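Spelled out, the chains give:
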Amino acid sequence: MLLSIHIEHTKFKNHIIFRMKILVLNCGSSSIKYKLFEMENREVIAQGGIEKIGLKDSFLKFTLPSGEKKIIEKEIPEHTAGVQLVLDTLTSKEYGVLGSLDELDAVGHRVLHGGQAFSESVLIDSKVEKAIEDNIELGPLHNPANLKGINAIKAILPKVPQVAVFDTAFHQTMPEKAFLYALPYEYYEKYAVRRYGFHGTSHRYVSKRVCDFLGIKQEGTKIITAHIGNGGSLAAVKDGKCVDTTMGMTPAEGLVMGTRAGEIDPGMLPYVFSKAGLDAESFNTLVNKKSGLLGISGVSSDMRDLISAIESGNKRAKLALDMFEYRAIKLIGSFVAALNGADILVFTGGIGENSDPVRKDICDGLSYLGIKIDEKINKTVHGKEQIISTPDSKIQVIVIPTDEELTIASDTEEIVSK
Ligand code: ADP
């Protein structure tokens, strides 16, 4: 297919350098986050986000080229108006970084749920849109918002190619034994009830990046990636392919998270429903928004707040942290078992990248595997790529900051260049 791609050419020692500008959009139900990449240097040249779409006090917050942050308060009734505001800001005389929208070569979208239809990123056409729509049942909060973003770009910039990058795609290589729940098999056949897994773009990026960082091939490696942020999940990655992950049919399964419970006994449902007077919807809110660190501590879902509360002697905050770390230790151990041994453990996500005490506690709980971290080095690592294990550790432990937006931009570049 011939795509109309605007490409700036620069002659450099007889090579032509292609300079694509790619906009990455992450559309939520009431928000739009964006980053504009100049792909030659893989540099972010503009970024920001809209919040509270559909509410009276909606606003756009963005970073000026000088690094200064600016807020524009404006009523943004729906996503097309939001995308239009982002594009106007990118081309604005005052704050813009683009001369005109003709400079925009492609748009990459973060799409939550690809269901079983997508195992990789794809160029968006009507069939892809239909498949994203078909998966709304599986991603009821996110897929409709993702589609709104896609439709907004289609309406405003109909000639600009768009690419969908799915949170679930990387996990599609899991074998049946890992992705099935032991419910009657018809539930999988009839209703597609299975583990899908999320944070796939992050797990894919860090599991590849760690190999580049170490100068090794992905083939022959057994890696556990721990994406621990407000949401959290582990992936077991063998030869560069995901073989298991802790999030399930929805992002509520697995680790203890900021506001999500992670794994619980499904048999408790009838009891909890009747005791607390819950129905399916309120239970969903309970396990996704009121549980985890927030639910146990009663203080906050945010790790930094929790650590301050612990320092002031709050016992429930300490219990929440203990539970958070204990679950991570247990599930990492189970993934070492799933892989029949592991070579590398990667920490990423807001907590994994920044919280050296949490990394230390988790690694201490895995000392039976021969994991040893260099405490002095660990303490200095905040948001940078660094080996934190000692040379004699049986499993290398490495911090790799995730970059989901860059991965989306790179996939988009690759797909539209074809
Ligand atoms: P999200 O899942 O929303 O993308 P992030 O990956 O940004 O979230 O992670 C947010 C979490 O990271 C919060 O709990 C925050 O407190 C935690 N975090 C960020 N920086 C630090 C830090 N320096 N020490 C401890 N926790 C941190």
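Counting restarts for each chain, with residues numbered from 1 along the sequence as it is written. Reporting in this predicted model follows two pLDDT cut-offs: at least 70 for local features of residues, and 80 or more for side-chain atom pairs to be given and counted; totals over whole chains, interfaces and linings ignore these cut-offs and use all residues. Each side-chain value is worked out from all heavy atoms of the structure, with water and hydrogens disregarded.

Chemist: Help me out: how do you make sense of the overall build of the chain in this one?
Modeler: Broken down by element type, the chain carries 15 helices and 16 strands. For 418 residues, the compact-globule estimate of 2.2 N^0.38 gives 22 Å, and the chain sits close to it at 22 Å. Dimensions of the chain, computed from C-alpha atoms along their principal axes, come out at roughly 55 × 55 × 50 Å. Only protein chains enter the area calculation, which uses a 1.4 Å probe; residues under 20% of their type maximum are buried, those over 50% are exposed, and those in between are partly exposed. Per-residue burial for the chain yields a buried fraction of 49% across its 418 residues. Accessible surface, the chain: about 20300 Å² in total, of which carbon and sulfur atoms supply 52%. Positive charges are assigned to Lys and Arg, negative charges to Asp and Glu, while His and the chain termini are left out of the count. Every charge is mapped onto a representative atom, which is NZ of Lys, CZ of Arg, CG of Asp or CD of Glu. Between the mean site of the 49 positive side-chain charges and the mean site of the 54 negative ones, the chain shows a separation of 2 Å. Working definition: helices are DSSP H or I runs of at least four residues, strands are E runs of at least two. Numbering for both runs from the N terminus. Every radius of gyration here is taken over C-alpha atoms, with the globule rule written as 2.2 Å times N^0.38, N being the number of residues. Here the open area of atoms and residues is found with the Shrake-Rupley method and a 1.4 Å probe, where only the protein chains shown may cover a residue.

Chemist: How do you make sense of the packing of helix 10 (residues 303-311) against helix 11 (residues 315-338) when you look at a structure like this?
Modeler: The packing of two helices is summarised by the inter-axis angle and the distance between the axes. Here the axes come from fitting lines to C-alpha atoms, over the contacting stretch only for helices, and the angles between their N-to-C directions go from 0 to 180 degrees. At a minimum axis distance of 8 Å, the contact between helix 10 and helix 11 shows a crossing angle of 130°. Taken as axis vectors, helix 10 and helix 11 run oblique relative to one another. Regarding helix 10 and helix 11, the two cross each other, and that crossing is left-handed. In this structure, helix 10 uses Met303, Leu306, Ala309 and Ile310 to contact helix 11, whose residues at the interface are Ala317, Lys318, Ala320, Leu321 and Phe324. Oblique is the label for any angle not covered by the other classes, which are roughly parallel (under 35 degrees), roughly antiparallel (over 145) and roughly perpendicular (65 to 115). Take the far helix as your reference; a near helix turned counterclockwise from it by less than a right angle gives a left-handed crossing, and one turned clockwise gives a right-handed crossing. Residue contacts follow a heavy-atom distance rule, with two residues in contact if any of their heavy atoms lie within 4.5 Å.

Chemist: So what exactly am I meant to see when it comes to the packing of aromatic side chains here?
Modeler: Any aromatic ring pair is given by two values, namely how distant the centres are and how the planes are angled relative to each other. For Phe, Tyr and Trp, rings pair up if their centres lie within 6.5 Å, where Trp contributes its six-membered ring, and each pair is then called stacked (planes under 30 degrees apart), edge-to-face (over 60) or tilted (otherwise). A complete count under the given rule lists six aromatic pairs for this structure. Aromatic pair Phe62 and Tyr95: ring centres 5.2 Å apart, planes at 65°, arrangement edge-to-face. Taken as a pair, Phe62 in strand 6 (residues 59-63) and Tyr95 in the loop between helix 1 (79-91) and strand 8 (106-111) lie far apart in primary sequence, 33 residues in all. What makes Phe62 buried here is its relative accessible area of 3%. Judged by centre distance (5.7 Å) and plane angle (75°), the ring pair of Tyr185 and Tyr188 falls under edge-to-face. Through a chain of ring-to-ring contacts, the aromatic side chains of Phe179, Tyr185 and Tyr188 assemble into a single cluster. Criterion for a charge above a ring: Lys NZ or Arg CZ within 6 Å of the ring centre, and within 35 degrees of the ring normal. Between Arg194 and the ring centre of Phe179, over which it is positioned, the NZ or CZ distance is 3.6 Å. When the ring centre of Tyr196 is taken as reference, the NZ or CZ atom of Arg194 above it lies at 4.8 Å.

Chemist: Would you mind going over the pairing of strand 12 (residues 232-238) with me for this structure?
Modeler: Taken residue by residue, a regular strand's side chains alternate between the two faces of the sheet. Among the seven residues in strand 12, six count as buried, and that is most of the element. Two strands qualify as a pair provided DSSP detects at least 2 bridges between them. Pairing analysis gives seven bridges linking strand 11 (residues 222-228) to strand 12, with the strands arranged antiparallel. For Lys222, the partnering residue across the bridge sits in strand 12 and is Lys238. Counting the residues that bridge the hairpin from strand 11 to strand 12 gives three residues. For strand 12 and strand 13 (residues 241-245), the ladder comprises four bridges, and the chain directions are antiparallel.

Chemist: Mind showing me how you'd approach the sheet that holds strand 7 (residues 69-73) here?
Modeler: Hydrogen bonds between backbone atoms are what pair the strands of a sheet, whose relative direction is either parallel or antiparallel. Read from one edge to the other, the open sheet built from eight strands follows the order 7-6-5-4-3-8-10-9, with strand pairing classed as mixed. Only two strands of the sheet have a single neighbouring strand rather than two, namely strand 7 and strand 9 (122-123). Where strand 4 (residues 32-38) lies against strand 5 (residues 43-51), seven bridges are found, and the strand directions are antiparallel. Across the sheet, residue Glu38 finds its bridge partner in strand 5, namely Glu43. Sitting on the sheet, helix 15 (residues 404-417) touches strand 3 (21-27), strand 4, strand 8, strand 9 and strand 10 (162-166), and the angle it makes with strand 8 is about 130°.

Chemist: Looking at this structure, I do not really get the confidence of the model for the chain. What am I missing?
Modeler: Regions with low pLDDT should not have their predicted coordinates read in detail. As a per-residue measure, pLDDT tells how confident the predictor is, with possible values from 0 to 100. Confidence in the prediction for the chain averages 94 pLDDT; 96% of positions are at 70 or higher. Here residues 1-17 scores under 50 on pLDDT; set against residues more than four positions off or in separate chains, the count is 26 contacts.

Chemist: So what exactly am I meant to see when it comes to helix 13 (residues 356-364) here?
Modeler: Along an α-helix, residues three or four positions apart point the same way, because every turn accommodates 3.6 residues. Of all the positions in helix 13, only Asp356, Val358, Arg359, Ile362 and Cys363 are classed as buried. Buried residues of helix 13, viewed axially, fall in a sector of 160°; they line one side. Here the arc refers to the set of directions running from the helix axis out to each C-beta atom.

Chemist: Can you walk me through the nonpolar core in this structure?
Modeler: Across soluble globular proteins, you tend to see nonpolar side chains buried next to one another. Residues enter a nonpolar core if they are buried and are Ala, Val, Leu, Ile, Met, Phe, Trp, Tyr or Cys, with the set joined through side-chain atoms within 4.5 Å. Core analysis: the biggest nonpolar cluster contains 37 residues, and Leu345, Phe347 and Ile362 have the highest contact counts within it. Residue assignment for this core shows that the elements contributing at least two residues are strand 11, strand 12, helix 10, helix 11, strand 14 (344-348), helix 13 and strand 16 (396-399). For this core, the element with the highest residue contribution is helix 11, accounting for 10 residues. Apart from residues lying up to four places away in sequence, Ile362 is in contact with Ile228, Glu325, Ala328, Ile329, Ile332 and Phe347.

Chemist: Would you explain helix 6 (residues 200-214) in this entry?
Modeler: A helix's residues, less one, multiplied by 1.5 Å, set its expected span. Here helix 6 is 15 residues long and its end C-alpha atoms lie 21 Å apart, about the 21 Å a rise of 1.5 Å per residue gives. Here helix 6 has its buried residues at Gly200, Thr201, Ser202, His203, Tyr205, Val206, Ser207, Val210 and Cys211. Packed against the buried residues of helix 6 are strand 10, strand 11, strand 12, strand 14, strand 16 and helix 15. Positive backbone phi, approximately 70°, marks Gly215, located one or two places after helix 6.

Chemist: Help me out: how do you make sense of the side chain of Arg327 in this one?
Modeler: Examined against the element boundaries, Arg327 turns out to sit in helix 11. Think of a salt bridge as a Lys or Arg side-chain nitrogen and an Asp or Glu carboxyl oxygen that are within 4 Å of each other. In this structure Arg327 is buried but unpaired, with Glu263 as the nearest side chain of opposite charge at 4.3 Å. Sequence-distant contacts of Arg327, defined by excluding residues within four places in its chain, comprise Gly254, Leu255, Val256, Ala261, Gly262 and Glu263.

Chemist: So what exactly am I meant to see when it comes to the site of the ligand here?
Modeler: For this description, a residue counts as near a given molecule or strand if any of its non-hydrogen atoms is within 4 Å of it. Close to the ligand lie Gly229, Asn230, Gly231, Asp302, Met303, Arg304, Gly349, Gly350, Ile351, Asn354 and Ser355. Identification of polar contacts relies on pairs of N or O atoms within 3.5 Å, with a donor-acceptor requirement for protein atoms, meaning one able to donate a hydrogen and the other able to accept it, and with residues adjacent in sequence counted only if both atoms are side-chain atoms. One of the backbone N or O atoms of Met303 is found 2.9 Å from an oxygen atom in the ligand. When the ligand is considered free in solution it has 580 Å² of accessible area, and contact with the protein chains removes 66% of it. Of all elements in the fold, only helix 10 and helix 12 (349-354) reach the threshold of two or more residues within the shell around the ligand.

Chemist: Please explain the pattern of salt bridges as it appears in this structure.
Modeler: Pairing between side chains of opposite charge can happen when their charged atoms approach one another. Taken as a whole and assessed by the stated rule, the structure comprises 18 salt bridges. Across the pair Lys130 and Asp134 runs a salt bridge whose closest N-O atoms are separated by 2.9 Å. Of the two residues, Lys130 and Asp134 are both situated in helix 2 (residues 126-134); the distance of four residues between them amounts to about one turn of the helix. Residue classification places Asp134 among the partly exposed residues on the basis of a relative accessible area of 45%. Salt bridges sharing partners connect three or more residues here, namely Arg110, Asp167 and Glu404.

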